[in-house]
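Geometric and topological summary
Letter by letter, the chains look like this.
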Amino acid sequence: MTNEGNDGMPRGPQKQGFLLSFEGIEGCGKSTQLRRLAKQLRSRGYLVVETREPGGSQISEQIRKVLLDLGNSGMDIHCELLLYLASRAQHVAETILPALDKGAIVLCDRFSDATMAYQGYGRGVGASPVARLNRFASAGTMPDLTIVLDVPVAIGLARKRRAGHLDRLDMEREAFHQTVRNGYLRIAKRDSRRVRVLDGTPPIEEVSAAINRLVDVRVSARKAKLTKVESHAV
Ligand SMILES: Nc1ncnc2c1ncn2[C@@H]1O[C@H](COP(=O)(O)OP(=O)(O)O)[C@@H](O)[C@H]1O
Ligand SMILES: [Mg+2]
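Residues numbered from 1 in each chain as written. Chains lettered and ligands numbered in written order. Predicted model: local features only at pLDDT ≥ 70, side-chain atom pairs only at ≥ 80, totals over all residues.

**Digging into the overall build of the chain**
Cut-off, in case you're wondering: For helices the rule is a DSSP run of H or I covering at least 4 residues; for strands it is a run of E covering at least 2, with both sets numbered from the N terminus onward. As a rule, residues whose C-beta atom has 12 or fewer other C-beta atoms within 10 Å are exposed, those with 20 or more are buried, and those in between are partly exposed; C-beta atoms are placed from the backbone. Distance between backbone-placed C-beta atoms decides contact: two residues are in contact if it is within 7 Å.
Helix and strand counts for the chain come out as eight helices and five strands. Seen through its principal axes, the chain has C-alpha atoms that stretch 50 × 45 × 35 Å. Here the chain, with 234 residues, has 41% of them falling under the buried criterion. Across the chain, the fraction of contacts at a sequence separation of at least 24, relative to all contacts at a separation of at least 6, is 83%.

**Some thoughts on helix α7 (residues 174-190)**
Because an α-helix completes one turn every 3.6 residues, residues spaced three or four positions apart along the sequence face the same direction. Note the following rule: Expected helix span is taken as 1.5 Å per residue step, with the number of steps being one fewer than the number of residues. As used here, the arc is the angular range of directions from the helix axis to the C-beta atoms.
The end-to-end C-alpha separation of α7 is 25 Å, in line with the 24 Å expected for 17 residues at 1.5 Å each. Turning to α7, its buried residues are His-177, Val-180, Arg-181, Gly-183, Tyr-184 and Ile-187. Take α7 and look down its axis: the buried residues cluster within an arc of 155 degrees, on one side only. Opposite the buried face of α7, at more than 90 degrees from it, the exposed residues are Glu-174, Ala-175, Lys-189 and Arg-190.

**Things to note about the confidence of the model for the chain**
Inclusion rule: Across the chain, each position has a pLDDT score giving the predictor's confidence in that residue, from 0 to 100.
Summarising the model, the chain shows a mean pLDDT of 91, and 91% of its residues fall at 70 or more. Segment residues 1-9 is flagged for pLDDT under 50; beyond a separation of four residues in sequence, or across chains, it makes 14 contacts in the model.

**Things to note about the site of ligand 1**
Rule in force here: Nearness rests on one distance test: the residue's C-beta atom, set from the backbone, must lie within 6 Å of the molecule or strand. Charged means Asp, Glu, Lys or Arg here, nonpolar means Ala, Val, Leu, Ile, Met, Phe, Trp, Tyr, Cys or Pro, and polar covers whatever is left, Gly included.
Among the 14 residues in the neighbourhood of ligand 1, the closest are listed as Gly-29, Lys-30, Ser-31, Thr-32 and Arg-159. For the shell around ligand 1, the secondary structure elements donating two or more residues are α1 (30-43), α6 (153-163) and α8 (204-221). Considered class by class, the residues forming the shell around ligand 1 number five nonpolar, five polar and four charged.

**Describing the sheet that holds strand β4 (residues 145-150)**
Under the convention used in this document: At least two bridges found by DSSP between two strands are what make those strands a pair. Each axis is a line fitted through C-alpha atoms, taken for helices only over the stretch in contact, and angles between the N-to-C directions span 0 to 180 degrees.
Taken in spatial order, the five strands line up as β2-β3-β1-β4-β5 in an open sheet, and their pairing is parallel. Edge positions in the open sheet fall to β2 (48-52) and β5 (195-199), since each of these has one partner strand only. Across the sheet, the mean angle separating the axes of adjacent strands is 20 degrees when strand polarity is ignored. Here helix α3 (residues 77-101) sits on the sheet in contact with β1 (18-23), β2 and β3 (105-109), set at roughly 155 degrees to β3.

**Digging into the packing of helix α4 (residues 112-122) against α7**
Axes are the key here: two packed helices are described by the angle between their axes and the distance separating the axes. To keep things clear, this is the line we draw: Any angle that is under 35 degrees is reported as roughly parallel, and any over 145 degrees as roughly antiparallel; angles of 65 to 115 degrees are reported as roughly perpendicular and all others as oblique. The handedness criterion is simple: a crossing whose near helix is rotated anticlockwise from the far helix by less than a right angle is left-handed, and one whose near helix is rotated clockwise is right-handed.
Where α4 meets α7, the closest approach of the two axes is 8 Å, and the angle between their N-to-C directions is 125 degrees. Considering their axes alone, α4 and α7 lie oblique with respect to each other. Relative to α7, α4 is oriented so that their crossing is right-handed. Contacts between α4 and α7 involve Asp-113, Met-116, Ala-117, Tyr-118, Gly-120, Tyr-121 and Gly-122 on the former and, on the latter, Phe-176, Thr-179, Val-180, Gly-183, Tyr-184 and Ile-187. Among the residues making up the contact of α4 with α7, the classes are represented as eight nonpolar, four polar and one charged.

**Considering the nonpolar core**
Using the following cut-off: Put simply, a nonpolar core is buried Ala, Val, Leu, Ile, Met, Phe, Trp, Tyr and Cys residues tied into one set by C-beta atoms within 7 Å.
Judged by nonpolar contacts, the single largest core of 49 residues is most densely connected at Leu-20, Ile-105, Val-106, Leu-107 and Ala-117. It is α3 that provides the largest number of residues to this core, a total of eight residues. In this structure Val-106 touches Gly-17, Leu-19, Leu-20, Val-49, Thr-51, Ile-96, Ala-99 and Leu-100, once residues within four positions along its chain are discounted.

Printed below as a string of structure tokens:
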């Protein structure tokens with residue numbers, strides 16, 4: 001990879017494009033809101049790439065299957081951490097950086113803050129090794145904006161249960177998700193310019209409106225770095 005900062009520190013803001021990650025516990029509304037925002041931004045003519053972690057490239061999607069497999073309950077926490085990072089390295093190199101170079105708005109369903117919240121805090125690997133490894137895996141690429149949708153654990157898990165799809169991580173006990181939620185709030189406190197916490201409990205349309213307001217301001221400020229593709233208008 002050619003984009004690593006000379007000291008491995010976050011290199012953002014990106015030269016071109018805009019990287020936005022959605023974060024928060026299971027069921028907080030990330031995937032729902034990402035789809036809605038993508039549609040809204042496309043209707044305004046922006047080039048938008050929707051992607052997710054773990055996954056977002058062919059190799060990374062293969063790693064995702066291993067990570068979320070219900071049969072892999074015996075996975076060692078360091079194995080888990082390194083698989084997430086391996087998945088990210090490929091995702092950044094193959095999907096995210098090329099899209100940013102084209103001036104796209106890249107909407108990513110989870111990114112490095114998830115590794116910090118889940119492995120760093122949730123699994124107890126610790127913030128400082130995870131911060132170092134995150135920078136290594138992403139070649140210093142950091143989101144320009146991260147939206148944490150905050151909901152109580154009971155609400156998030158109840159939404160997931162209703163939707164009827166539970167994977168290996170959804171099955172973790174409630175206390176684990178609570179630690180992850182608190183982890184996200186700590187991350188947001190430490191990096192309050194990049195990471196914004198929005199209440200994820202109101203109805204979907206209300207959460208969307210809050211997201212649109214926030215994204216409007218940030219995207220407008222970087223308009224010169226973004227590609228307009230009128231043919232993308234819906
Ligand atoms: N604000 C909301 N209010 C009520 N239900 C919601 C809200 N946002 C999402 N949902 C529902 O909750 C479930 C989980 O949402 P999803 O977007 O998949 O969450 P995540 O991707 O964060 O796990 C879905 O069935 C979705 O329709
Ligand atoms: Mg989701």
